[in-house]
Amino acid sequence: MGFFAAHPTRHPVNCPDINSLTPYLADFATNSTDVTIPAAVVILALAVFQVVRKTGIKRSPLDALPSVGIPRYPCGFYVGAWNYLKHGRAITQDGYIKHRGKPFKVALANRWLVLVSGRQLVEDLRKASDEFLSFSEGINSVLHHEYTVGHEQHHDPYQIPVVRSPMTRNIAVCFPDLYSEVVAAFENLVPATTDDWISVCAMQTMLPVVSRVSNRFFVGLKCRDPEYIKITTQFASDVIRDAAWLHVTPPFLRPLAARLFGHLESATRRAMKHLGPIIQHRLNMDERYGRDWPNTARPNDMISWLVDEVRGHQTRRTVRTLTRTLLNVNFGAIHTTTEGCLHALYSLAANPNYIEPLRTEISSIVQTEGWTKVAIGKMVMLDSFMKESSRFSPGGAVGMLRHAVKDFTFSDGTVVPAGTLIAVPILAEHHDERNYPNAQIFDPFRFSRMRDVAGEGLKHQMVTPSPSFLTFGLGRHACPGRFFAVNEQKLIMAHVILTYDFRLEDGLRPEDEWLGLMQGANTSAKVLFRRRKYITDA
Ligand code: HEM
Ligand SMILES: *[C@@H]1O[C@H](CO)[C@@H](O)[C@H](O)[C@H]1NC(C)=O
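These numbers were taken from a predicted model, which means no experiment stands behind them. Starting from 1, residues in each chain are numbered consecutively following that chain's sequence as written. Here every chain gets a letter starting at A, and every ligand a number starting at 1, in the order they are written. Note on the predicted model: pLDDT of at least 70 is required for a residue's local features to be given, and 80 or more for side-chain atom pairs to be given and counted; whole-chain, interface and lining totals, by contrast, use all residues. The side-chain figures draw on all heavy atoms in the structure; neither hydrogens nor water molecules are used.

Visitor: Before we move on, could you go through the overall build of the protein and cite the residues and values that matter?
Guide: Strands are runs of DSSP state E lasting at least 2 residues, helices are runs of H or I lasting at least 4, and numbering of each runs from the N terminus. Check the secondary structure of the protein and you find 21 helices and 12 strands. Each residue is placed in one exposure class: buried if its accessible area under a 1.4 Å probe, protein chains only, is under 20% of its type's maximum, exposed if it is over 50%, and partly exposed if it falls in between. Relative to its 538 residues, the protein shows a buried fraction of 52%. Residues count as neighbours in contact if any of their non-hydrogen atoms are within 4.5 Å of one another. Restricting the contact set of the protein to residue pairs at least 6 apart, pairs at least 24 apart contribute 75%.

Visitor: How would you explain the coordination of the iron atom of ligand 1 if you had to name every residue and give the values?
Guide: Of the protein atoms, Cys479 (SG) alone serves as a donor to the iron atom of ligand 1, at 2.2 Å. Relative to the assigned elements, Cys479 resides in the loop between helix H20 (446–452) and helix H21 (482–499). Think of the donor list as every N, O and S atom within 2.8 Å of the metal, or within 3.2 Å for Na, K and Ca; water never makes the list, so a site can look incomplete.

Visitor: Any details on the packing of aromatic side chains? Residues and values, ideally.
Guide: Side-chain rings of Phe, Tyr and Trp, where Trp is taken by its six-membered ring, are said to pair if the distance between their centres is within 6.5 Å; with planes under 30 degrees apart they count as stacked, over 60 as edge-to-face, and otherwise as tilted. On inspection of all chains with the given rule, the structure shows 19 aromatic pairs. Considering the side-chain rings of Phe502 and Phe529, the 6.1 Å spacing of their centres and the 35° angle between planes classify their relative orientation as tilted. With Phe502 in strand E9 (residues 500–504) and Phe529 in strand E12 (residues 526–531), the pair connects residues that are 27 residues apart, well separated along the chain. Each member of the pair Phe502 and Phe529 is classed as buried. The rings of Phe186, Tyr500, Phe502 and Phe529 are connected pair by pair, giving a single aromatic cluster. One cation-aromatic arrangement involves Lys387 over Phe447; the distance from NZ or CZ to the ring centre is 4.2 Å. Whether a charge lies above a ring is judged from NZ of Lys or CZ of Arg, which has to be within 6 Å of the ring centre and within 35 degrees of the ring normal. In this structure, Arg503 is placed above the aromatic ring of Trp197, and the distance from its NZ or CZ to the ring centre is 4.6 Å.

Visitor: Provide a residue-level description of the sheet that holds strand E3 (residues 133–134), including the pertinent values.
Guide: In any sheet, the strands associate via hydrogen bonds between backbone groups, in a parallel or an antiparallel arrangement. Pairing in this open sheet of five strands is mixed, and the strands run E1-E2-E8-E5-E3 from one edge to the other. Each edge of the open sheet is held by one strand with a lone partner, namely strand E1 (104–107) and E3. Bridge count between strand E5 (residues 399–404) and strand E8 (residues 421–424): three bridges; the pairing is antiparallel. Counterpart to Gly399 in the pairing with E8 is Val424. Relative to the sheet, helix H4 (residues 119–127) contacts E3, E5 and E8, its axis offset from that of E8 by approximately 125°. Docked against the sheet, helix H5 (residues 135–143) engages E3, E5 and E8, running at close to 100° with respect to E5. One bridge is not enough; two strands pair if DSSP finds at least two bridges between them. Simply put, an axis is a line fit to the C-alpha atoms, just over the touching stretch for a helix, and the angle between two N-to-C directions goes from 0 to 180 degrees.

Visitor: Could you give me a rundown of helix H18 (residues 380–392), with the residues and numbers involved?
Guide: One less than the number of residues in a helix, times 1.5 Å, gives the span that helix is expected to have. Taking 1.5 Å as the rise per residue, H18 with 13 residues should run 18 Å; its terminal C-alpha atoms sit 18 Å apart, in good agreement. Counted residue by residue, H18 has 10 buried out of 13 residues, so it is predominantly covered. Taken as a whole, H18 has its buried residues at Leu382, Asp383, Ser384, Phe385, Met386, Lys387, Glu388, Ser389, Ser390 and Arg391. Buried positions along H18 lie against helix H15 (319–350), helix H16 (355–369), helix H19 (426–430), H20 and H21.

Visitor: Break down the environment of Phe447 for me, with residues and values.
Guide: Tracing the sequence through the fold places Phe447 in helix H20. Owing to a relative accessible area of 2%, Phe447 belongs among the buried residues under this scheme.

Visitor: A description of the site of ligand 1 should follow, citing residues and the corresponding values.
Guide: The environment of ligand 1 is made up of 23 residues, and the closest members are Phe135, Ile160, Arg402, His477 and Cys479. Counting of polar contacts relies on pairs of N or O atoms within 3.5 Å, with two restrictions inside protein: one atom must be capable of donating a hydrogen and the other of accepting it, and residues adjacent in sequence are counted only when both atoms are side-chain atoms. In this structure, an oxygen atom belonging to ligand 1 sits 2.9 Å away from a side-chain N or O atom of Arg402. Here an oxygen atom of ligand 1 and a side-chain polar atom of His477 are 2.7 Å apart. Residue assignment for the shell around ligand 1 shows that the elements contributing at least two residues are helix H8 (159–169), H15, E5 and H21. Examining the composition of the shell around ligand 1, we find that five residues originate from one element, H15, more than from any other. Under the scheme applied here, ten amino acids are nonpolar (Ala, Val, Leu, Ile, Met, Phe, Trp, Tyr, Cys and Pro), four are charged (Asp, Glu, Lys and Arg), and all others, including Gly, are polar. Taken together, the residues of the shell around ligand 1 sort by class into 14 nonpolar, eight polar and one charged. One heavy atom within 4 Å of a molecule or strand is enough for the residue carrying it to be called near that molecule or strand.

This is the structure:
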């Protein structure tokens, strides 16, 4: 995938290695007298070049870091980069075990990736300001945001405070709508009866469910329009695909190539067809009345919260920019949330013994609380199961990608020069015995047991990032959408668990699909559903 494909900008090694060439040239010189003098000149020139190279050119501080997965022969870097593309997950794990909390480097196609782990260094990364270690440049170096989600979005991601604040504050108020959308989406997409099992492709089902539920929150009932669902679910694949080929396009050609072959413009146009009139009406009403509309209440959705944010702002306050912003929010929200639900669904279907305790918890809470945010908050076993699922499937082998825009010094003295990419091997952290006893064992209720300890409740919830739970990142840039994402995932799974019996055709958990460093839930597996006879909720 685009993540770690060729990046033709920086050459971190000198290739071929001069040292390995000189003996052959010397050999050649002694055997043939005719060329002794020219050969001597060449050798002398190479020797001088060597001296100049050793003394004159500044060595990179990265030379001091151990590398992992790089053969020692000339051009080994490139072989290493190829290996990393194919076996990145295993190489990352090896380096993590071998260097135990010390930084090491691995080869991307044309640059180094420095991997840092352990509490202290991850803490350094968390605390570093964007002036030194940039989050957005980290993303940009992989996703080419400038072209794939747009210049304005890359430089002015004003949805972040909206997601963090008004959106998160409104989860409880909007919960009845979210629940009714979950019910309606499953009625449509998994129309099982109590008599027969029906078989559906889990991915093809969960993706539109999540798009509908998320967009009920973002844009209201428009979420049910099949064409709109297609646009929102398609956009993420467009971004990833465009990023992949832009990655191997020389930087100076990217603006033109993106304009000619990119999908951003057509996605924006198609999304504007659906959202344009809604947004325009919202802007008009906002101009006249602000938040307090006469006669009808202003819709309480992401469009309104974004309109609040852009009030009085020339460049942000356009139908086009707002549409792009909503597309980008969808990009960040839908596939991540879908993946979480799929991994959980597969693990449950493959381990039916986890289902009963969850069903008991969910139905007793729903009986007293109804389907509310408070109820979801009380489902600590479900929370634990979802968190354990996400500990095993955080979406990739590495996370917390940052781009050093200035030289940066870690607290152990390690220096990474400007231009370096840095990441944390999150999957390895999630499987480290020092972070979790029996780390290799899927233990669905490990976190709910930990929460039983007095005063430890909140620390072990799924929404709380920590140096040993990095699915949502950590620190300033930790996913601001995680409160919504966790509520949504738990709501969807709680509904599935109470409404259906479900199983896999052969009983085995469908294997994950790895693409380079990216982890995906199985995209083709089918899950069988049958409606339960006695649904115990209200
Ligand atoms: C299970 C679902 C989700 C996962 C696993 C996830 C994961 C992440 C991760 C790993 C980051 C980067 C953190 C870092 O590098 O330190 C991030 C950032 C972000 N996420 Fe999520 N996310 C999810 C759902 C959502 C949702 C539903 C929304 C919005 C509605 C959202 C909005 C964002 C935004 C705006 C950022 C950028 C934050 C910044 O630049 O400071 N995410 N997310
Ligand atoms: C996905 O799951 C199906 C059924 O379990 C399996 O046949 C297939 O190989 C899996 N796909 C991948 C890429 O592992």
